[in-house]
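# Structure assessment
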Amino acid sequence: MIDLNKYALHGATKLLILQPTSFCNIACSYCYLPHRNHRTIMSHETVDLAAKFIFDAQLHSDHFTVVWHAGEPLVVPPSWYRQAIDAIQQAAPATMDIPHAIQTNGILISDEWCDLFLETGMRVGVSIDGPARLHDERRKTRAGTGTHALVMRGIDFLRKRGVNFHVICVLGRNSLGAAEEILHFFRSEGICDVGFNIEEIEGHIVRSTLAGPETTEYVRNFFSTAIRLAENGTPLIRIRERERLIALLRDPAFGSYRHNSQNAPFGIVTVTTDGDLFTFSPELAGLSHARYPDFSIGTVRDATLDSVLASPTFQAIWQEVQAGVNRCKTNCPYFDLCLGGAPVNKLYENGRFDSTETMFCRLSHQAVADVVLTEIETQMAGPS
C-alpha cells in the first residue's frame, strides 16, 4: 500500500465536481460522455454526503470551488440548485463561503437562470465553438440541426442581465485555419474571456480530427494568431491558456511543483449522479477501460478518506499515475509547465496511466507554451 502521508492531503482539493445529471439535451460529435441519455437527477442527500466527505476529511483547499458539470446541468431546475447550494453551505465550515461554477451549452438559459446566477454569484461558462459555420458543424440538436442560434439566445439573456460569463471553444481541424474568424466573432459579440479546448481522445472517442504529426504546427499558428489578435483590438480578449501559463511563470514556487490537479490525489474530486466517487481526471467518471473496468474509488454513502486510500482501485490507479508523472519529470523539458499531464489522456491515447507524451499534451501544453514563451522573449528583446 502506498504511503500518502507525504502528499499532505488536507487542503488538497481545489475542485469538487458534481454531476447533477448525466443527461444532455444536445448531441455533440466529439462528446465522450457514456450516459448522456440517462435522465436520473442527483438526490440532495447525495449532494449533502459529497460535501460532508470533503469537509469532514478537511480536503478542501483555500481555493476550493464546487463545479456543476457533465451532461447539461441546466436540465435540472434552478430550485434544485438553491436547495443543493444550501446543503453544501450547511456542510461547510462556518466561516467558509463556498463559490460555485457551472458549465452549460447555453440553450436553456433564461431570466430564471440569470436570477440564480446573480443571487449566488455562480461563475458561468458557456460552450460555443465560434461562429455558426464552425459551431453547427459539431454541436447539434438530437434531431441533427445546428445549435448556434439557440446558444446565442442564451448568451443574450446573460448580457441583458449583466451576468459575467466566459466561453469554452473546442478546436477541431477546421478551426485551426480560422483564428481570425473566431476571434472576430468573439470580439464582435463582446465575448472577452475565452478558453480553447482541443478535440480529445477519451472513452468511446477513439479518433480526433487533430491527430497527425503536422497538427502541432497548425495549433501553434492558431494560438499565435489568436493571442496577437486578442491583445490588439477593443475590447481586449483574455485567452485562458495564455493567462494560466503567465500566472504559473510568475508564481514564486514555479519549478517546485510535483503535480497538477488532475494527477494529484484528490486535487479534483468528482461525484456522479448516483454518488460514485472519483479522483484524478474528472473525465474518468463513468468511463471504463480494458485495464480498468471501473475507476470509482467508493461511494459517498459509505466512503471515508481512510477507506478510499485503502481501496485497491485507488491504490492501483495512483501507483500507475505517479509512475507516469515521474517519467514525464525525467524526460520532458515542458514538465514545469504541465506538471505531468492528464491521466485520462495518457490512458486513452497510450493505453496506460504510466506513459508520457500525448496528443493532448503536445497541443494543449507544448504548442501553447512555445507561442507564449516566444511572445515573452520578443517583448524582452524590445524593438529591433
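See above for the structure.
A few points on the structure. From a predicted model like this one, the values you see are computed outputs, not experimental measurements.

### Here we look at unusual backbone geometry
Omega for the bond connecting Thr 234 with Pro 235 falls within 30 degrees of zero, at -5°, which places this linkage in the cis form. Within the secondary structure, Pro 235 is located in the loop between helix H7 (215-230) and strand E9 (238-239). Positive phi values are uncommon outside glycine, yet Gln 58 reaches one of about 55°. Mapped onto the secondary structure, Gln 58 falls in the loop between helix H1 (44-56) and strand E3 (60-68). Phi angles above zero are rare outside glycine, and Phe 280 is one such case at about 65°.

### Observations regarding H1
For H1, which comprises 13 residues, the first-to-last C-alpha distance of 18 Å matches the rise-based estimate of 18 Å (1.5 Å per residue) to within 8%. Thr 46, Val 47, Ala 50, Ala 51, Phe 53, Ile 54 and Phe 55 are the residues of H1 that are buried. Lining the buried residues of H1 we find strand E1 (13-18), E3, helix H2 (78-91), strand E10 (268-271), strand E11 (276-279) and helix H9 (305-310). Once H1 ends, the next one or two residues include Gln 58, with phi positive near 55°.

### Points about the sheet that holds strand E4 (residues 100-104)
Taking strand neighbours across the sheet as the criterion, the ten strands line up as E9-E8-E7-E5-E4-E3-E1-E10-E11-E12 in an open arrangement whose pairing is mixed. Each edge of the sheet is formed by a strand with only one pairing partner; in this case those strands are E9 and strand E12 (298-299). In the sheet, strand E7 (residues 165-171) pairs with strand E8 (residues 193-198) via five bridges, with the strands oriented parallel. Paired with Leu 171 across the two strands is Ile 198, which belongs to E8. Sheet strands touched by helix H8 (residues 240-250): E7, E8 and E9. Its angle to E8, the strand with the most contacts, is close to 95°.

### Notes on the packing of H8 against helix H13 (residues 359-381)
Any two packed helices are characterised by how steeply their axes cross, that is the angle between the axes, and by the distance between the axes. Where H8 meets H13, the closest approach of the two axes is 10 Å, and the angle between their N-to-C directions is 65°. Viewed along their axes, H8 and H13 adopt a mutual orientation that is roughly perpendicular. Like other packed secondary-structure pairs, H8 and H13 cross with a definite hand, here right-handed. Each of Glu 241, Arg 242, Leu 245, Ile 246 and Leu 249 in H8 lies in contact with H13, whose residues at this interface are Val 368, Ala 369, Val 372, Leu 373, Glu 375 and Ile 376. By residue class, the composition of the contact of H8 with H13 is eight nonpolar, no polar and three charged.

### Examining H7
An ideal rise of 1.5 Å per residue puts 22 Å on 16 residues; H7 measures up with 22 Å between its terminal C-alpha atoms. Those residues of H7 lying buried are Thr 215, Thr 216, Val 219, Phe 222, Phe 223, Thr 225, Ala 226, Ile 227, Leu 229 and Ala 230. Those residues of H7 hidden inside the fold are in contact with E7, helix H6 (179-188), E8, E9, H8 and H13.

### Looking at the packing of aromatic side chains
The geometry of an aromatic ring pair comes down to the distance between the two centres and the angle between the two planes. This structure, assessed with the given rule, holds 16 aromatic pairs. The interplanar angle of 70° and the centroid separation of 5.6 Å between the aromatic rings of Phe 55 and Phe 64 together place this pair among those described as edge-to-face. Comparing Phe 55 with Phe 64, the two get one shared label, buried. Each residue in the set Trp 68, Trp 80, Tyr 81, Trp 113 and Phe 117 is aromatic and connected to the rest through ring pairs, giving one cluster. Directly above the aromatic system of Phe 23 lies the positively charged group of Arg 39, at a separation of 4.1 Å from the ring centroid.

### Focus: the pairing of E10
A two-sided burial pattern is seen for E10, the buried positions comprising Ile 268 and Thr 270 on one face and Val 269 and Val 271 on the other. Two strands pair when backbone bridges link them, and E1 and E10 are joined in this way by four bridges, in the parallel orientation. Paired with Ile 17 across the two strands is Thr 270, which belongs to E10. Where E10 and E11 come together, three bridges link them in antiparallel fashion.

### Topic: the state of the cysteines
Summed over all chains, the structure comprises zero disulfides. Cysteine Cys 114 shares no disulfide, and the gap to the nearest cysteine sulfur, in Cys 192, comes to 18 Å. Free of any disulfide, Cys 192 has its nearest neighbouring cysteine sulfur in Cys 169, separated by 15 Å.

### Overview of the pairing of strand E5 (residues 123-127)
Most of E5 sits inside the fold, with four of its five residues counted as buried. In this sheet, E5 lies alongside E4 in parallel orientation, the contact comprising four bridges. Bridging from a neighbouring strand, Ile 102 pairs with Val 124 of E5. For the segment spanning E4, helix H3 (residues 111-120) and E5, crossover handedness is right-handed. With four bridges connecting them, E5 and E7 associate as parallel partners. Note on E7: the bridge partner recorded for Val 126 is Val 167.

Reading the values: the criteria
- In this numbering scheme, every chain counts its residues from 1 along its sequence in written order.
- Confidence filtering applies because this is a predicted model: local features only for residues at pLDDT of at least 70, side-chain atom pairs given and counted only at 80 or more, and all residues used for totals across whole chains, interfaces and linings.
- By convention in this description, side-chain values take in all heavy atoms of the structure and omit both hydrogens and water.
- Put simply, DSSP H or I for four residues or longer makes a helix, DSSP E for two residues or longer makes a strand, and each gets a number counted from the N terminus.
- By definition here, a helix of n residues has an expected span of 1.5 Å times n minus one.
- Burial here depends on accessible area, computed with a 1.4 Å probe over protein chains only, as a share of the maximum for the residue type. Under 20% is buried, over 50% is exposed, and the range in between is partly exposed.
- What makes two residues a contact is simply this: any of their non-hydrogen atoms within 4.5 Å.
- When DSSP finds at least two bridges between two strands, those strands are taken to pair.
- Orientation is described by axes fitted as lines to C-alpha atoms, over the contacting stretch for helices, and by angles from 0 to 180 degrees between their N-to-C directions.
- Convention used here: angles under 35 degrees read as roughly parallel, angles over 145 as roughly antiparallel, angles from 65 to 115 as roughly perpendicular, and any remaining angle as oblique.
- For any pair of crossing helices, the crossing counts as left-handed if the nearer helix is rotated counterclockwise from the farther one by less than a right angle, and right-handed if it is rotated clockwise.
- Under the scheme applied here, ten amino acids are nonpolar (Ala, Val, Leu, Ile, Met, Phe, Trp, Tyr, Cys and Pro), four are charged (Asp, Glu, Lys and Arg), and all others, including Gly, are polar.
- Aromatic pairing here means that ring centres of Phe, Tyr or Trp (its six-membered ring) are within 6.5 Å. Orientation follows from the plane angle: under 30 degrees is stacked, over 60 is edge-to-face, and everything else is tilted.
- Here, a charge over a ring means that NZ of Lys or CZ of Arg falls within 6 Å of the ring centre while also lying within 35 degrees of the ring normal.
- Any cysteine sulfur atom paired with another within 2.5 Å is treated as part of a disulfide.
- Seen with the strands pointing away from the viewer, any crossover whose path from the first strand over the helix to the second strand runs clockwise is right-handed.

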